[in-house]
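For reference, the chains in residue letters:
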Amino acid sequence: MNIEEALVILDTLIEPGLSDIQEVVFRQAWEGKTYAEIADNSGYDANYIKDVGSRLWKVLSNNLQEEVTKSNFRSVIRRRSQTNILQKNLQNALPVLNHQQLITTINEAKNTYEDIEVKNNDTSLSQRLSSLLGSVSQQKSLTPNPDLETPNGPVPLNSGFYIERPPIEERTYSEIKKPGSLIRIKAPNHMGKTSLMQRILAHARKNAMHTVTISFQRADSQVFTSLEKFLRWFCANISQQLQLESKLNDYWDEDIGSKVSCTLYLQGYLLSKIDSPVVLALDEVNRIFEYPEICSDFLALLRSWYEDASELEIWGKLRLLVVHATEAYIPLDINQSPFNVGLPIKLPEFSLEQMQDLAIRHGLEYAKGEVGVQKLASLVATIGGHPYLARIAFYNLANQELTLERLLQEAPTISGIYSSYLRHHLANLQEHPELVTALKSVLASSESVQLEAIAAYKLESMGLVKLEGNQAVPSCELYRLYFREQLS
């Protein structure tokens, strides 16, 4: 296995994938380099690289459910590759094997891999094969629907599984055409913010606009060490995506400050150079809330550009699309905040009718009509109208991997279809004891609970609680049941 194949395996196992600096460490560690050598090659401090590596192995350990270190990660990835190849071969075999052949094939695969698992003290594959064997034994066929989409990441632009939430799409498509417009999309993680953002950008491109997407989640930690580094990184990204030569040094002047330099760079160079409007999409803006000094200055800068559009025609070329998971939990001057201007979009959960629509698109015939609404009501009572959780449920139901009754029974357990997703949240919580304390207080109460503002906003951004002011309740019954058990 080479490094590129290893990275492909990681992409299938880790959400939302490696950051740029994590990939640098992973690549060079794969080549056998020490942290000191990686630091020399990449231009970073050795202690910083060692810290990135330590956090990377921890992320891999949490996702792969076994200890991963710098010394053993290659063997772990190779073993997972064998597992993935086997699963893919089994999946490809399903449509062409008869019932008895399928049982025989799975049994042979199970026996073949038992020795590998015993050596590595990992019985997860055998357990999955046993479960698959049990399912096949009870059915005459187990044929995945080739038209289904794996519910990972944003819903593709050409997907038949994207559910519109009227009138949100039409309002944003109309607004983005207005000179100097600003659209703010707010919703917890996995609620469809990026899917909507991508559709707005696609609509803008159809209307002859340039588009630029800046995801703050992909920025290296060192980008946030100073406002100047952050703004230069920000401008360099825009230049590259507009396919314009970077001329930062021609416009940057420490005597006038980085905010003015950044503004002059956009106004005097980037916006002057292009002949049509540009939509600047800022994804995961809540990442910068963790850096108060940078955050307050940058958000004030966005507000000033929005206001400049009413006076200077050139700023009318810029349309801002700001995507964030929660409210800013740092003090902001009301006259300098971008969060009280423009068009606010708060993405709601799916209604019961929209859940029914998504189920039918997955080919679940029993979801049709009034009887279908009644059957889906129990699922909605467990997961609410959460788009991502709904996609996982309907994908598994459509592939005949389990019944709705079994899905609901196992959903809040470590063996349910949401186990990986819930385990990811649990790992994040355990790194922040103050959030664990806050969530436990919410779970223990039958009424809404008042939380400290920052804890409330962080739990909201994770999607674990719903807020009315500082009053919090669990987002859905699935979270109440799972986290009450795991955090007890």
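Above this note sits the structure.
Rules and cut-offs
- Residues numbered from 1 in each chain as written.
- Predicted model: local features only at pLDDT ≥ 70, side-chain atom pairs only at ≥ 80, totals over all residues.
- Heavy atoms only, no water.
- Pairing = 2+ DSSP bridges.
- Helix = DSSP H or I, 4+ residues; strand = E, 2+ residues; numbered from the N terminus.
- Axes fitted to C-alpha atoms, helices over the stretch in contact; angles between N-to-C directions.
- Contact = heavy atoms within 4.5 Å.
- Buried < 20%, exposed > 50% of the residue type's maximum accessible area, 1.4 Å probe, protein only.
- Phe/Tyr/Trp six-rings, centres within 6.5 Å; stacked < 30°, edge-to-face > 60°.
- Lys NZ or Arg CZ within 6 Å of the ring centre and 35° of its normal.
- Salt bridge = Lys/Arg side-chain N within 4 Å of Asp/Glu carboxyl O.
- Expected span 1.5 Å × (residues − 1).
- Patch = residues over 30% accessible without salt bridge, like charges linked within 9 Å, V, L, I, M, F, W, Y side chains within 5 Å.
- Areas by Shrake-Rupley, 256 points an atom, 1.4 Å probe, with all protein chains shown as cover.
- Core = buried A, V, L, I, M, F, W, Y, C linked by side-chain atoms within 4.5 Å.

S.K.: Outline the sheet that holds strand β1 (residues 182-186), supporting the account with residue identities and numerical values.
M.R.: A sheet is described by the order of its strands in space; here 5 strands give the open sequence β2-β3-β4-β1-β5, paired in parallel fashion. At either end of the open sheet lies a strand with only one pairing partner, and these are β2 (210-215) and β5 (343-346). If you compare each strand with its neighbour and ignore which way they point, the axes differ by 15° on average. Most of the contacts of helix α8 (residues 168-175) go to β5, to which it runs at about 155°, and overall it touches β1 and β5.

S.K.: Account for the environment of Val 155, with residues named and values stated.
M.R.: By secondary structure assignment, the location of Val 155 is in the loop between α7 (124-138) and α8. By relative accessible area, Val 155 is classed as buried at 7%. The sequence separation of Val 155 and Gly 192 amounts to 37 residues, and the corresponding C-alpha distance is 8.0 Å. Sequence-distant contacts of Val 155, that is, excluding residues within four places in its chain, are made with Glu 149, Phe 161, Tyr 162, Ser 195, Gln 198, Arg 199 and Arg 391.

S.K.: If you had to explain the packing of aromatic side chains to someone new, which residues and values would you point to?
M.R.: In the structure shown here, the tally under the stated rule is 22 aromatic pairs. An angle of 80° between the planes, with centres 5.0 Å apart, marks the rings of Phe 230 and Phe 298 as edge-to-face. Of this pair, Phe 230 sits in helix α10 (residues 227-241) while Phe 298 sits in helix α13 (residues 292-308), and the two are 68 residues apart along the sequence. Taken together, a centroid distance of 6.1 Å and an interplanar angle of 55° make the contact between Tyr 479 and Phe 483 tilted. With Tyr 479 and Phe 483 both in helix α21 (residues 477-486) and 4 residues apart, the pair spans about one turn of that helix. Ring pairs connect the aromatic residues Phe 216, Phe 224, Phe 230, Trp 233, Phe 234, Tyr 291, Phe 298, Trp 305 and Trp 315, which therefore count as one cluster. Just above the ring of Tyr 35 sits the side chain of Lys 70; from NZ or CZ to the centre is 5.3 Å.

S.K.: Could you give an account of the sheet that holds strand β6 (residues 449-450), naming the residues involved and the relevant values?
M.R.: Spatial ordering of the open sheet is given by β6-β8-β7, a layout of 3 strands whose pairing is antiparallel. Of all strands in the sheet, those with a lone pairing partner are β6 and β7 (465-468), marking the two edges. In the sheet, β6 pairs with strand β8 (residues 471-474) via 2 bridges, with the strands oriented antiparallel. In the strand pairing of β8, Gln 450 is matched with Gln 471.

S.K.: I'd love a proper account of the pairing of β8, names of residues and values included.
M.R.: Every second residue of β8 is oriented toward a common face, the buried set being Ala 472 and Pro 474 and the non-buried set Gln 471 and Val 473. Direction of pairing for β7 relative to β8: antiparallel, over a ladder of 4 bridges. Each residue of the ladder has a partner; that of Lys 466, found in β8, is Val 473. From the end of β7 to the start of β8, which pair antiparallel, there are 2 residues, and Gly 469 there has a positive phi angle of about 70°.

S.K.: Give a detailed account of the pattern of salt bridges, specifying residues and quantitative values.
M.R.: Applying the stated criterion across every chain, the model contains 14 salt bridges. Linking Glu 349 and Lys 466 is a salt bridge whose minimum nitrogen-to-oxygen distance equals 3.5 Å. With Glu 349 in the loop between β5 and α14 (352-361) and Lys 466 in strand β7, this pair connects stretches of sequence that are 117 residues apart. With relative accessibility at 38%, the residue Lys 466 sits in the partly exposed group. Glu 405 is the salt-bridge partner of Lys 375, the closest N and O atoms lying 3.4 Å from each other. A residue pair is termed long-range when its members are at least 10 positions apart, and Lys 375 in helix α15 (residues 369-383) and Glu 405 in helix α17 (residues 404-410) qualify at 30 residues. You can call Lys 375 partly exposed: its relative accessible area is 29%. Glu 405 sits in the partly exposed class, given a relative accessible area of 49%.

S.K.: Report on helix α9 (residues 193-206), specifying residues and quantitative values.
M.R.: With 14 residues, α9 should cover 20 Å at 1.5 Å per step; its first-to-last C-alpha distance of 20 Å lies within 8% of that length. Counting buried positions over the 14 residues of α9 gives 10, a clear majority of the element. Turning to α9, its buried residues are Lys 193, Ser 195, Leu 196, Met 197, Arg 199, Ile 200, Leu 201, Ala 202, His 203 and Ala 204. Remark: Ala 208 follows α9 within two positions and exhibits a positive phi of approximately 65°.

S.K.: Lay out unusual backbone geometry with the relevant residues and their values.
M.R.: The omega angle of the peptide bond from Pro 166 to Pro 167 is 0°, so this bond is cis rather than trans. Position of Pro 167 among the secondary structure elements: in the loop between α7 and α8. The phi dihedral of Ala 208 is positive, around 65°, even though this residue is not glycine. Note that Ala 208 resides in the loop between α9 and β2. On the basis of relative accessible area, Ala 208 is assigned to the exposed category, the value being 55%.

S.K.: Can you lay out the side chain of Gln 28 for me, pointing to particular residues and giving the numbers?
M.R.: Within the secondary structure layout, Gln 28 lies in helix α2 (residues 20-30). With residues near it in sequence (within four places) discarded, Gln 28 still touches Lys 33, Glu 37, Ile 38 and Asn 41.

S.K.: Any chance you could break down a nonpolar patch on the surface for me, citing the residues and the numbers?
M.R.: Taken together, the side chains of Ile 256, Val 260 and Leu 264 present a nonpolar region at the surface, about 220 Å² in accessible area. Mapped onto the elements, Leu 264 comes out in helix α12 (residues 258-273). In this structure Leu 264 comes out as partly exposed when scored by relative accessible area, which is 38%.

S.K.: Describe the nonpolar core, naming the residues involved and giving the relevant values.
M.R.: Residues Phe 394 and Phe 483 are the most contacted members of the largest nonpolar core, which totals 53 residues. The element best represented in this core is helix α16 (residues 387-398), accounting for 9 residues. If sequence neighbours within four positions are ignored, Phe 394 has contacts with Met 355, Leu 358, Ala 359, His 362, Leu 364, Leu 376 and Leu 379. One finds Leu 248, Ile 288, Leu 301 and Leu 320 within the second-largest nonpolar core, a separate group that totals 45 residues.

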